[in-house]
Amino acid sequence: MNKIFEVPLYAYERSPDQDAATPVRHKVIVIGAGPVGLAAAIDLAQQDVEVLVLDDNDKVSFGSRAICFSQRTLDIADRLGCGQRLLDKGVRWDRGKVFFDDRQVYDFNLQPDEGFANPAFINLQQYYVETFLMDRLRALQAEGAPVQIRGRNKVEAVGTHEDHVRLEVETPEGPYTVEADWLIACDGANSPTRRMLGIDFDGRVFEDNFLIADVIMEADFPSERWFWFDPPFNRGQSALLHKQPDNVWRIDLQLGWDIDKEREKRPENVIPRLKEMLGEEVEFQLEWVSIYTFQCRRMESFRQGRAIFAGDSAHQVSPFGARGANSGLQDVDNLCWKLKLVLDGDAPESLLDSYDSERIQGADENIRKSSRSTDFITPKSDMSRVLRDAVLDLSEHFEFARPMVNSGRLSEPCTYDGSSLNSADALDGPAQTRPGSACPDVPLGGDFLLPKLAGQFTLLTIDADAPEILQEDGIEVRRLALSVKDDMTLALKRRYLGDAPSAVYLIRPDQHVAARRDTYEENAFRHAIRRASGKE
Amino acid sequence: MADLILTPNIDNADDFYADLLAAHDGIDKVDSDALNARLVLVLANHIGDNAVLVQAINAARLKMT
């Protein structure tokens, strides 16, 4: 077993809060130091918001767990200052193959279009993501950013009040009490915070078990996602093979419902299954084995006064489509700039209601898409199976059936159609950049667009005039002036103009489009800024 | 003569597939088979063109047209 799991990454140390006569009040406390909690802490610290992370553990998560990280996650990680490390270590992929029975039925390319700084996906073990986020957090600390992390600080009780939360925290040296203006609970699908606050988490249970095995092997399979329906080595079930860094391969085998989990997990039972899949001659070692079942569910509201939920604590999906960790990072991306404005008094507290509505929209989309994938992979009835197999048979011969094959619809950023922060679309432009969309990247000579949009409101003008700075009720908007001539590949025109000769976009700090028009009109954009900050 | 469309032609194939599964949800095999048969006939009538329908029958038999 890799020693990365053994070394404490944020060992327990006594903090002055434990000796304070009255509970110390922090601006924000984050519970949980997984990818979502660490990202939230970094995002806030970068904006100079004081934040404290409490975690009951002191190490990275055990086993590879989440391994597929999307382009949007990499774009967010760039904004958080650690995208390059994820990219350097991760395995890039954008191709996949689908097999049915003993034959390949088709292959696909997730990113047929070009001109993005980041690939469609990388595969990277969750423990690396956590390590890199932790390094970034330490680097921010070294620069004097107001962020702390406390290992082996287990929250035992949560009290919510009108304008703060109060936490009882257990440590190796006994309990203490601490307070925060705002709490962000990123403590996973079994969230103790959610349980302590007595909030329901109901949804649909899928009656199926999946065996995950991470194996170390020298193999010459390409770095593609291979998915099997009903293969000879796992009859009546599905299988997945996917490459991770360090010659680790993720293998996912569907087992069905009525199984003895403890028995199936034993190496003497796992190894023969894998040999049947990989071939007798392939040498491999088991790194990590786990059996999981899953549910699709979400909280009715992601916010209870001053307690806000993000990631798996708020919503849980089936793993097909990599919509777990990726959606958690989109939660953080959506939340932190809003919290910053509210804390600074530049936006009303009600701006946070839009976190709830926008991310519930995202969660519902993720639940719908991953449930459909699961229904395709695990047909619920004889007729579902007949239809599923018909789609697969047709897909081998006819292109039309391939979009119906569903081995997982891979995570994409949610477009917040209908959000109260959007202004009505006033540009006859491409649908992919309509208000609510996450901005797609564009090459700009040797550079890219997204890093120029990071962390603040931006007025993006394309062959249009506008003031360099616009101030509206405490919010400063800076202009980024571009011309279609800045991009020889014409991706800027294709993604942001369409047939329009010019455009002005108001872009939120999380790189989502708030408003767009063909030309600058002061009144319209002042309204749009007010709307985007929850003031109209 | 019109040709049978064998490239993707449904805007959101996942929505269609989910609607199709939902129509079969909770009914037994005999009723499901009958539903499929009726659906084939309804769609055939919508298409109308005999030449296209022959191509569709051949496609369903996994014969390349």
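What this report covers is the structure whose coordinates are included nearby. (Residues numbered from 1 in each chain as written. Chains lettered and ligands numbered in written order. Predicted model: local features only at pLDDT ≥ 70, side-chain atom pairs only at ≥ 80, totals over all residues. Heavy atoms only, no water.)

Turning to the side chain of A:Asp252, a few remarks are in order. Residue and element names in this part refer to chain A. By the element assignment, Asp-252 lies in strand 15 (residues 248–256). Summary of buried charges: Asp-252 has no salt-bridge partner, and the nearest side chain of opposite charge, Arg-250, is 4.8 Å away. Of note is the side chain of Asp-252, whose polar atom sits 3.2 Å from the side chain of Tyr-292. When sequence neighbours within four positions are dropped, the list of residues in contact with Asp-252 reads Phe-210, Leu-211, Ile-212, Ser-238, Ala-239, Leu-240 and Tyr-292. (Helix = DSSP H or I, 4+ residues; strand = E, 2+ residues; numbered from the N terminus. Buried < 20%, exposed > 50% of the residue type's maximum accessible area, 1.4 Å probe, protein only. Lys, Arg positive; Asp, Glu negative; His and termini not counted. Salt bridge = Lys/Arg side-chain N within 4 Å of Asp/Glu carboxyl O. Polar contact = N/O pair within 3.5 Å; in protein donor to acceptor, adjacent residues only side chain to side chain. Contact = heavy atoms within 4.5 Å.)

Below, the discussion takes up the packing of helix 1 (residues 35–46) of chain A against helix 4 (residues 126–142) of chain A. Residue and element names in this part refer to chain A. Running from amino to carboxyl end, helix 1 crosses helix 4 at an angle of 25°, the nearest separation of the two axes being 10 Å. With respect to helix 4, the element helix 1 is oriented roughly parallel. Between helix 1 and helix 4 lies a crossing of left-handed hand. In contact with Pro-35, Leu-38, Ala-39, Ala-41, Ile-42, Ala-45 and Gln-46 of helix 1, helix 4 contributes Gln-126, Val-129, Glu-130, Leu-133, Met-134, Arg-136, Leu-137 and Leu-140. Across the contact of helix 1 with helix 4, the residue classes break down as 11 nonpolar, 2 polar and 2 charged. (Axes fitted to C-alpha atoms, helices over the stretch in contact; angles between N-to-C directions. Parallel < 35°, antiparallel > 145°, perpendicular 65-115°, else oblique. Left-handed = near helix turned anticlockwise from the far one by under 90°. Nonpolar A, V, L, I, M, F, W, Y, C, P; charged D, E, K, R; others polar.)

As a further point, take empty space enclosed by the protein. All names here are of chain A. Within this structure, the stated rule accounts for 3 cavities of 30 Å³ or more. If you add up the space inside the largest cavity, you get close to 70 Å³. Lining the largest cavity, in full, are Phe-69, Thr-73, Ile-76, Ala-77, Leu-80, Cys-82, Leu-86, Val-129, Leu-133 and Leu-329. Listing elements by their share of the lining of the largest cavity, those giving two or more residues are helix 2 (71–79) and helix 4. When residues of the lining of the largest cavity are assigned to their parent elements, the largest contribution, 3 residues, is made by helix 2. Residue composition of the lining of the largest cavity, grouped by class: 9 nonpolar, 1 polar and no charged. Quantified by volume, the second largest cavity comes out at close to 50 Å³. Taken together, Arg-72, Gln-330, Asp-333, Asn-334, Arg-359, Pro-413, Cys-414, Tyr-416, Asp-510 and His-512 form the lining of the second largest cavity. (1 Å grid on protein atoms, 1.4 Å probe; cavity = no way out; pocket = protein on both sides within 12 Å on 5 of 7 lines; lining within 4 Å. Points joined across faces, edges and corners; volume = space filled by probe spheres on them.)

Fair warning: the whole summary comes from geometry, so function is off the table for now.
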